[in-house]
Amino acid sequence: MKKYIRFISGLNTFLKGRLSAPEAYQGAQNLLKDRIAKRDENFLNIVDKGIFSYSKSPYKMLLEPKKIAYRDIKNKVESEGIENTLEWLKSEEVYFTVDEFKGKVPVKRNGVEFVCKESMFDNPFLSTAYEVRSGATRSAGTRVRIDFDYLSQRSLYDAYLLHLHGSLTVPIANWFPLFPGAPGINSSLRFSRIGNPPQKWFSQVEKAQIKVNWEKTWGTELIFFMSRLHGMSLAKPEYVSLNHAHKIARWASAMLDHYPNCVIYTFATSAVRVCMAAKENGYNIKGTRFLVTGETLTGQKRKEIESVGAVAIPVYGISEAGVIAAGCEKHNNCSSSHGGSDHCHLYKDTTAVITHKQRVPHFDLIVDSFLFSSLLYESPKLLLNVGMGDYGSVYTKATNCGFGKIGFDTHITNIKSYEKLTGEGVTFVDTDFIRIIEKDLPSKFGGSSTDYQLVEEEDEKGFNRLRLFVSPTLGTIREDELVTFFMNSLKQSESSPESWAQSGSEMWNQARTIRIKREHPATTPSGKILPFHIQSNAPANLKRITKGE
């Protein structure tokens, strides 16, 4: 009962405190400048209260054997800065990989051994408002607690980003699946908070296809009901499948008859589908701002979006920390020397990022894995050098764009995942595939685990595809039956009836993401046949593991 009372009270306060667009932008400017100025102080505050003064903190199990006290970190930050301090902590083996964070493998460092639970990293300062599931589908995805204070804070970053792109007061539409996935409901609330609720919420998945427990259903309906009471009617999800993207293009074209631009917030591949549909149906969507998330904004995806005169704005986030980086209004100038079609400025007042060499056995690779640390009190998880399965490039460079002028001089680009395979903005974690490839497929269709292999690739239109290599030695196999079995196995791998896999598998079915290729699985340079294979055009920051390493 206390939880429900907190939910209602928090939602009521959130809705009553909504701002006009000018107020939101001014509030964002003031907040961001203040946080940049107090960045070191805020980080040390979280370390002090959230780690050293919190008896259940998992970080203490790595810090105590090294006899690292709060004063050691404080002295290091004051003399060398946050990032150098995090590098020092990493050298002292104070970090968690994504597999350790999720409890897939035990932590064995500094003379101790223990197994984590994701809940151990929950932010102790939050009073839970509601829960969502992250986009990754292992065991229904990471459970993430969302606090209304957190949404209030994040909405100001949305206001600043939209203002930079001249879109703070223009019509907004979401194209995201239904609850329990985070993007649709969270962005609807955040945009409403800054005086510009989305006019449309399109969903790639039909409501009838999603099973959600009564608590989530009740909470969602209450959000819509209370929003109406406060005179802020939120758009309810409207089913538009991936194969009907022309409906989204038609909406954008209609908005552009009356406004200088409009905004569509969606997955990167879904944005490509809208642009292709606009061309095929003769809709003019020039000037549309696509806020794209959920997957890498590759060069081909950016090209397809820009081919209709639209603007691609990458928004990079993880459910455990929220949106942590976004693209500026001067992409070509800010990213030219380092490349990267997905170039983003890190919201360095809320998150710090360093990299860590991570061996990925199922891909036979070593990658520059991101390690995240929280600087925001309202962050869903309290992170200190924690990997989330992503890798890429991080660098510092002063720029004169809107982000650069307030001090966001840390850039991240070439962002990919080594833990998940992505298509249509939906990710499935590697362990789901390993069981299917090594056990389920051989049991059903014959052969051994080395007769099957997944290859992730991007086609000429920018759509992510997963080629399932099936050895020709297995003889005749009905490919449609194999694909159906594969997708059903993904659904059945989930332990929760309200998992993100419900939406994910439906979207993959619509897009025909899985394609069969009768070909012998590829081998690595060290002669191994692995469940996954990276194409030869892999990013430069990937390094093949060779014998002896």
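Residues numbered from 1 in each chain as written. Predicted model: local features only at pLDDT ≥ 70, side-chain atom pairs only at ≥ 80, totals over all residues. Heavy atoms only, no water.

## Side note on the packing of aromatic side chains
Two measures describe an aromatic ring pair: the distance that separates the ring centres and the angle between the ring planes. Scanning all chains against the criterion turns up 20 aromatic pairs. Look at Phe96 and Phe114: their rings are 6.3 Å apart centre to centre, the planes differ by 70°, and that puts the pair in the edge-to-face class. You can see Phe96 sitting in the loop between helix H6 (82–91) and helix H7 (98–101) and its partner Phe114 sitting in strand E2 (residues 112–114), a full 18 residues away along the chain. Per residue, the accessibility class of Phe96 equals that of Phe114, and both read buried. Taken together, the ring pairs in this structure connect Tyr25, Tyr157, Tyr160, Tyr347, Phe403 and Phe408 into an aromatic cluster. The cationic tip of Arg193 hangs over the ring face of Phe14; the distance from NZ or CZ to the ring centre is 5.3 Å. (Phe/Tyr/Trp six-rings, centres within 6.5 Å; stacked < 30°, edge-to-face > 60°. Helix = DSSP H or I, 4+ residues; strand = E, 2+ residues; numbered from the N terminus. Buried < 20%, exposed > 50% of the residue type's maximum accessible area, 1.4 Å probe, protein only. Lys NZ or Arg CZ within 6 Å of the ring centre and 35° of its normal.)

## Considerations on the packing of helix H11 (residues 246–256) against helix H12 (residues 268–281)
The relative placement of two packed helices comes down to the angle between their axes together with the axis-to-axis distance. Taken N-terminus to C-terminus, the directions of H11 and H12 make an angle of 75°; their axes are 8 Å apart at the nearest point. With respect to H12, the element H11 is oriented roughly perpendicular. Here His246, Ile248 and Ala249 of H11 come into contact with H12, specifically with Val274, Ala277, Ala278 and Asn281. Looking at the contact of H11 with H12 residue by residue, the classes come out as 5 nonpolar, 2 polar and no charged. (Axes fitted to C-alpha atoms, helices over the stretch in contact; angles between N-to-C directions. Parallel < 35°, antiparallel > 145°, perpendicular 65-115°, else oblique. Contact = heavy atoms within 4.5 Å. Nonpolar A, V, L, I, M, F, W, Y, C, P; charged D, E, K, R; others polar.)

## Topic: the pattern of salt bridges
Taken as a whole, this structure holds 18 salt bridges when the rule is applied. For Arg478, the salt bridge identified is with Asp480, shortest N-O distance 3.1 Å. The class of Arg478 is exposed, set by a relative accessible area of 55%. Here Asp480 falls in the partly exposed class, since its relative accessible area comes to 45%. (Salt bridge = Lys/Arg side-chain N within 4 Å of Asp/Glu carboxyl O.)

## Some remarks on the environment of Thr396
When you line up the elements, Thr396 lands in strand E15 (residues 386–396). Since its relative accessible area comes to 60%, Thr396 is described here as exposed. Taking the C-alpha atoms as reference points, Thr396 and His345, 51 residues apart in sequence, are found 9.6 Å from one another. Dropping the residues within four chain positions of it, Thr396 is found in contact with Asp409, Thr410 and His411.

## Here we look at the pairing of strand E5 (residues 172–175)
Of the two faces of E5, the one lined by Ile172 and Asn174 and the one lined by Ala173 and Trp175 are each fully buried. Across 4 bridges, E5 lies against strand E8 (residues 263–267) in parallel orientation. Bridging from a neighbouring strand, Ile172 pairs with Val263 of E8. (Pairing = 2+ DSSP bridges.)

## Notes on the packing of H12 against helix H13 (residues 299–306)
Direction vectors running N to C along H12 and H13 enclose 35°, while the axes themselves pass 8 Å from each other. Regarding H12 and H13, the two cross each other, and that crossing is left-handed. For the pair H12 and H13, contact is made by Ala268, Thr269, Ala271, Val272, Cys275, Met276 and Lys279 and by Lys301, Glu304 and Ile305, respectively. Among the residues forming the contact of H12 with H13, the class breakdown is 6 nonpolar, 1 polar and 3 charged. (Left-handed = near helix turned anticlockwise from the far one by under 90°.)

## A few points about the nonpolar core
Ranked by size, the top nonpolar core spans 52 residues in total, and within it Tyr160, Leu161, Leu162, Leu189, Leu291, Tyr347 and Phe403 carry the most contacts. Among the secondary structure elements, those contributing two or more residues to this core are helix H1 (2–16), helix H2 (21–37), helix H8 (148–164), helix H9 (182–193), helix H10 (214–229), E8, strand E10 (311–318) and strand E11 (322–326). The element that contributes the greatest number of residues to this core is H8, accounting for 10 residues. Those residues in contact with Leu291 that sit more than four places away from it in its chain are Leu161, Leu162, Phe191, Val263, Ile264, Tyr265, Thr266, Ile313 and Val315. (Core = buried A, V, L, I, M, F, W, Y, C linked by side-chain atoms within 4.5 Å.)

## Structural notes on unusual backbone geometry
A positive phi angle, close to 55°, is found at Lys67, a residue other than glycine. Residue placement: Lys67 occurs in the loop between helix H4 (60–63) and helix H5 (70–80). In the Ramachandran plot, Asn385 falls in the positive-phi region, its phi being about 55° despite a non-glycine side chain. When you line up the elements, Asn385 lands in the loop between strand E14 (365–374) and E15. According to the relative accessible area criterion, Asn385 is buried, its value standing at 0%.

## As for the pairing of strand E20 (residues 464–470)
For E20, a buried count of 6 out of 7 residues is recorded, marking the element as mostly surrounded by other parts of the structure. In terms of strand pairing, strand E19 (residues 452–458) meets E20 through 7 bridges, oriented antiparallel. By the bridge assignment, Glu457 is partnered in E20 with Arg465. Joining the antiparallel neighbours E19 and E20 is a turn of 5 residues, in which Gly462 adopts a positive phi near 95°.

## Brief notes about H12
If you check H12, its first and last C-alpha atoms are 20 Å apart, about what 14 residues at 1.5 Å a residue would give, namely 20 Å. The buried count for H12 comes to 11 of 14 residues, which makes it a mostly enclosed element. Count one or two residues on from H12 and you reach Gly282, which has phi positive near 75°. (Expected span 1.5 Å × (residues − 1).)

## Some points on the confidence of the model for the protein chain
In this model, the protein chain carries a mean pLDDT of 83, and residues with pLDDT of at least 70 account for 81%. Considering only residues more than four positions removed or in separate chains, one finds that residues 134–141, a stretch of pLDDT under 50, has 37 contacts. Residue range residues 494–500 is modelled with pLDDT below 50. Its contacts to residues more than four positions away, or to other chains, number 28 contacts. (pLDDT = per-residue confidence, 0-100.)

## Overview of the side chain of Thr288
Relative to the helices and strands, Thr288 resides in the loop between H12 and strand E9 (289–293). Given a relative accessible area of 0%, Thr288 falls into the buried group. Engagement of the side chain of Thr288 in a polar contact is seen with the backbone oxygen of Ile285, the distance being 2.8 Å. Setting aside chain neighbours within four positions, we find Thr288 in contact with Ala252, Leu256, Cys262, Ile264, Ala310 and Val311. (Polar contact = N/O pair within 3.5 Å; in protein donor to acceptor, adjacent residues only side chain to side chain.)

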